[in-house]
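# Descriptive analysis of the structure
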There are 2 protein chains.
Amino acid sequence: MIYTSVCEMVGIKYPIFQGGMAHISDASLAAAVSIAGGLGIITAASGDTAWVEEQIDAVRAATDNPFGVNVMLMGKNVDEIAELLARKKVSVVTTGAGNPEKYIPMWKEAGIKVIPVVPSSALAKLVARSGADAVIAEGGESGGHVGDMTTMALVPQVCDAVDIPVIAAGGIADGRGAAAAFMLGAQGIQVGTAFLAAKECNISEVYKKKVLNAGDTATIVTGRRLGHPVRSLKSPFSRAYAKAEYSDISDEDLENMGVGTLRAAVKDGDEKHGCFLAGQISGLVNSERPAAEIIKDIFDGAEKILNGANKWVK
Amino acid sequence: MIYTSVCEMVGIKYPIFQGGMAHISDASLAAAVSIAGGLGIITAASGDTAWVEEQIDAVRAATDNPFGVNVMLMGKNVDEIAELLARKKVSVVTTGAGNPEKYIPMWKEAGIKVIPVVPSSALAKLVARSGADAVIAEGGESGGHVGDMTTMALVPQVCDAVDIPVIAAGGIADGRGAAAAFMLGAQGIQVGTAFLAAKECNISEVYKKKVLNAGDTATIVTGRRLGHPVRSLKSPFSRAYAKAEYSDISDEDLENMGVGTLRAAVKDGDEKHGCFLAGQISGLVNSERPAAEIIKDIFDGAEKILNGANKWVK
């Protein structure tokens, strides 16, 4: 068993969070991860507040284990979502794209652990000062919205910057990545891409197959020109968008190019128009399996590697 | 002692290569690293063939320990350099920016170990098939010319792709990074940025201070538009170049913007016009020290972490 301060803080068996992936992380995936002893996370960036409430109730109906909700702070209905989460007293809230400072007192009063995703030690320090319980240091090798810093460079620098536990995210899909994260100083890991291949993950078959077939250089970052870089699998859409970024297209038209492309990938499996978010570690994700098996494999692998780590020292 | 197959192959005490940094890695730095028990590496991308020969002779005059030379395969005088290295029978040749296939038979006949830098498992497989002795899997968090893949995602995928030893590069400056690299499957590490702060590193005082003062988000990648991305410290030059990439400037004028900027950083310490290449791990590099001390600290740290790694397993 690999048991850390994050397990204790959140009440989970394995120190693993399932990433809150927009349009993807629903009750089905979150419940499967939480039942397996990790922390399942519902995305609040996919629909209206009523949808989020339904997902929370569905996870609760499936398991008494802790689970979390991820809030994109740049979303439209954030105030409403924030109140819902306090009312529902979910175990954990993770946040993305900003500083959740204004919601922290309300959430903490509801007994919620607040764990922001941070792309830099500066934001890590800020949220720690605002009362965050831990931070997720996410490297830009991850899928979806990305920062520039990578996991290898970011995690130790965030660990030096704050006294709260650090969870490493980005580029982790097996025991090697998990073991490396612990060496860097992390007390847990967050995994997104590997869960795209979970049996309980409700994405289109086309999307799932694209992840399973991806090699190491299958991803591309688009959106840098408008300041919102996103990593996805190379596709007709992402290649066209990447090319357009250096053209004389207006910012508005560029923005419009992206509209509806996540939905087209997740729901419709539209190879041509879809934006298939995924991380660089897609190349290590090669079979569809139950979430429980994905988690067990990661930690069995990590345990073996960590137990043998002193073999390097002669 | 951390002793791996790379130590044995190359005849070094510590499994660490000092990166061959263009315009920077001269006999002074390479000799210091090799004397300390790592593999010092001279850059062949800084000057003409005569300069490289002088540097080789200078390292030989300083130590009998093995050292290497790094060849940028896109350089002008590559054939001439390749022949020089065979004639001088250096211990190791590392290569960048391509496949060194055509030189491998000549180098191997001279008893040289050939260790290409690779940004993908596809190139790793190609060079392994061509007879490379090992590969350096370099993540894009490193300074200088960068690929898109990060160390965390690249190293395990390259380890799965080839049977020869893998050396991890990018984002490593202390024992944590080294220990993480071993967990990912690497048999050694290559370090660049941390050696910019070595006492024996002949860069301008301005450059050295910029590295010592850098925080985690101090770097920026420029050059993507022309297909040659480069990571450097944020500076008036790099910010202006990054802005120009999305403007209507011609490719030719954009290319010209970069001319002479490395020299301006390394030799002149020109804050305004210099391009100060450095990696994301600059934030962990906080003091100027002898190369020997940098190496000892990395491995003392890694040894401690690796010896204690099984503490994670309950």
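Residues numbered from 1 in each chain as written. Chains lettered and ligands numbered in written order. Predicted model: local features only at pLDDT ≥ 70, side-chain atom pairs only at ≥ 80, totals over all residues. Heavy atoms only, no water.

### Concerning the sheet that holds strand S10 (residues 219-222) of chain B
Residue and element names in this part refer to chain B.
- Spatial strand order, S7-S11-S10: three strands in an open sheet with antiparallel pairing. Sheet topology places strand S7 (144-145) and S10 at the edges, where each strand pairs with a single neighbour.
- Note that S7 and strand S11 (residues 230-233) share two bridges and pair antiparallel. By the bridge assignment for S11, glycine 144 is matched with arginine 231.
- Its contacts with the sheet put helix H11 (residues 236-245) on S10 and S11, and the angle it makes with S10 is roughly 40°. (Pairing = 2+ DSSP bridges. Helix = DSSP H or I, 4+ residues; strand = E, 2+ residues; numbered from the N terminus. Contact = heavy atoms within 4.5 Å. Axes fitted to C-alpha atoms, helices over the stretch in contact; angles between N-to-C directions.)

### A short note on the interface of chain B and chain A
- On the side of chain A, 53 residues touch chain B, which itself brings 53 residues to the contact.
- Taken together, the two surfaces of chain B and chain A that pack against each other cover about 4,600 Å², and 61% of this comes from carbon and sulfur.
- Along the contact surface separating chain B from chain A lie four salt bridges.
- Arg176(B) is the salt-bridge partner of Asp160(A), the closest N and O atoms lying 2.9 Å from each other. (Buried area = accessible area lost by both parts, 1.4 Å probe. Salt bridge = Lys/Arg side-chain N within 4 Å of Asp/Glu carboxyl O.)

### A short note on helix H14 (residues 291-307) of chain A
Residues and elements named next belong to chain A.
- The end-to-end C-alpha separation of H14 is 24 Å, in line with the 24 Å expected for 17 residues at 1.5 Å each.
- Where H14 is concerned, the buried positions are Ala291, Ile294, Ile295, Ile298, Phe299, Ala302 and Leu306. Each buried residue of H14 sits inside an arc of 115° when the element is viewed along its axis, so together they form one side. (Expected span 1.5 Å × (residues − 1). Buried < 20%, exposed > 50% of the residue type's maximum accessible area, 1.4 Å probe, protein only. Arc of directions from axis to C-beta.)

### So, the packing of aromatic side chains
Residue and element names in this part refer to chain A.
- Summed over the entire model, instances satisfying the criterion amount to nine aromatic pairs over all chains.
- Taking 5.2 Å as the distance between ring centres and 90° as the angle between the ring planes, the aromatic pair formed by tyrosine 207 and phenylalanine 276 counts as edge-to-face. Placement of tyrosine 207 in helix H10 (residues 205-213) and of phenylalanine 276 in the loop between helix H13 (261-266) and H14 is noted, with a sequence separation of 69 residues between them. Across the pair, exposure class does not vary: tyrosine 207 and phenylalanine 276 are buried alike. (Phe/Tyr/Trp six-rings, centres within 6.5 Å; stacked < 30°, edge-to-face > 60°.)

### Structural notes on the nonpolar core
- Membership of the largest hydrophobic core comes to 152 residues, with the highest contact counts inside it found for Phe195(A) and Phe195(B).
- Apart from residues no more than four positions distant in its own chain, Phe195(B) is found in contact with Ile16(B), Phe17(B), Gln18(B), Met21(B), Leu29(B), Val33(B), Cys201(B), Ala291(B), Ile294(B) and Ile295(B). (Core = buried A, V, L, I, M, F, W, Y, C linked by side-chain atoms within 4.5 Å.)

### Concerning the pairing of strand S3 (residues 67-72) of chain B
All names here are of chain B.
- Across the six residues of S3, five count as buried, placing the element largely inside the fold.
- Tracing the backbone out of strand S2 (residues 40-43), into helix H3 (residues 49-62) and back to the parallel element S3 gives a crossover that is right-handed.
- Inspection of the sheet shows S3 paired to strand S4 (residues 92-96) by five bridges, in the parallel sense. Its bridge partner lying in S4, valine 69 is registered against valine 93. (Right-handed = clockwise from strand over helix to strand, strands pointing away.)

### Digging into the sheet that holds strand S1 (residues 16-18) of chain A
All names here are of chain A.
- Here we have eight strands laid out as an open sheet, ordered S1-S9-S8-S6-S5-S4-S3-S2, and parallel in their pairing. In this open sheet, the two strands that pair with only one neighbour each are S1 and strand S2 (40-43). Each strand axis lies, on average, 25° off the axis of its neighbour in the sheet, ignoring direction.
- With four bridges connecting them, strand S6 (residues 135-138) and strand S8 (residues 166-169) associate as parallel partners. Of the residues in S8, the one forming a bridge with alanine 137 is alanine 168.

### Describing helix H7 (residues 151-161) of chain B
- Most of H7(B) sits out of view: nine of its 11 residues are buried.
- Buried within H7(B) we find Thr151(B), Met152(B), Ala153(B), Leu154(B), Val155(B), Pro156(B), Gln157(B), Val158(B) and Cys159(B).
- Packed against the buried residues of H7(B) are helix H7 (151-161) and helix H8 (175-183) of chain A together with strand S5 (113-118), helix H6 (121-129), strand S6 (135-138) and strand S8 (166-169) of chain B.

### Section: the relation of the copies chain B and chain A
- Each copy superposes on the other: chain B lies on chain A with an RMSD of 0.0 Å after a rotation of 180° and an axial shift of 0.0 Å. Here the symmetry operator amounts to a two-fold rotation axis. Taking the C-alpha atom as reference, chain B places Ala180(B) closest to the rotation axis, 2.0 Å from it.
- A symmetric contact is evident, with 100% of the interface residues of chain B recurring at the interface of chain A. (Least-squares fit on C-alpha atoms with pLDDT ≥ 70 in both.)

### Thoughts on a negative patch on the surface
- Together, Asp48(A), Glu54(A), Glu80(A) and Glu83(A) give the surface a local cluster of negative charge.
- Mapped onto the secondary structure, Glu83(A) falls in helix H4 (residues 78-88). (Patch = residues over 30% accessible without salt bridge, like charges linked within 9 Å, V, L, I, M, F, W, Y side chains within 5 Å. Areas by Shrake-Rupley, 256 points an atom, 1.4 Å probe, with all protein chains shown as cover. Lys, Arg positive; Asp, Glu negative; His and termini not counted. Charge placed at Lys NZ, Arg CZ, Asp CG, Glu CD.)

### Quick look at unusual backbone geometry
- A positive phi angle, near 70°, is found at His23(A), a position not held by glycine.
- Take His23(A): it is sitting in the loop between S1 and helix H2 (27-35).

### A closer look at the confidence of the model for chain A
- Per-residue confidence for chain A gives a mean pLDDT of 96; residues scoring 70 or more make up 100%.
- Among the scores for the predicted complex, ipTM is 0.95 and pTM is 0.96. (pLDDT = per-residue confidence, 0-100.)

### Remarks on the side chain of Ser232(B)
- Locating Ser232(B) in the fold gives a position in strand S11.
- The residues contacting Ser232(B), other than those within four sequence positions of it, are Ala218(B), Thr219(B), Ile220(B), Ser238(B), Cys275(B), Phe276(B), Leu277(B) and Ala278(B).

### Topic: the environment of Thr43(B)
All names here are of chain B.
- With respect to the helices and strands, the residue threonine 43 is situated in strand S2.
- Spatially, the C-alpha atoms of threonine 43 and glycine 68 are 8.8 Å apart, while their sequence positions differ by 25 residues.
- Threonine 43 has contacts with Gly20, Met21, Ala22, His23, Ile24, Ser25, Trp51, Val52 and Asn70, leaving out every residue within four places of it along the chain.
- A distance of 2.9 Å separates a polar atom in the side chain of threonine 43 from the backbone nitrogen of alanine 45. (Polar contact = N/O pair within 3.5 Å; in protein donor to acceptor, adjacent residues only side chain to side chain.)

### Observations concerning the pattern of salt bridges
Residue and element names in this part refer to chain B.
- Per the stated rule, a full pass over the model turns up 26 salt bridges over all chains.
- Among the salt bridges present, the one from glutamate 53 reaches lysine 88, with a minimum N-O distance of 3.3 Å. In this pair, glutamate 53 sits in helix H3 while lysine 88 sits in helix H4 (residues 78-88), placing the two residues 35 residues apart along the sequence.
- Under the relative-accessibility criterion, glutamate 53 is labelled partly exposed at 23%.
- Judged by relative accessible area, which is 16%, lysine 88 ranks as buried.

### Regarding the environment of Met9(B)
Residue and element names in this part refer to chain B.
- Structurally, the position occupied by methionine 9 is in helix H1 (residues 5-10).
- Under the relative-accessibility criterion, methionine 9 is labelled partly exposed at 23%.
- In sequence terms methionine 9 and aspartate 163 are 154 residues apart; their C-alpha atoms lie 14 Å from each other.
- Residues contacting methionine 9, with those up to four places away along its chain left out, are Lys113, Ile115, Asp133, Ala134 and Pro165.

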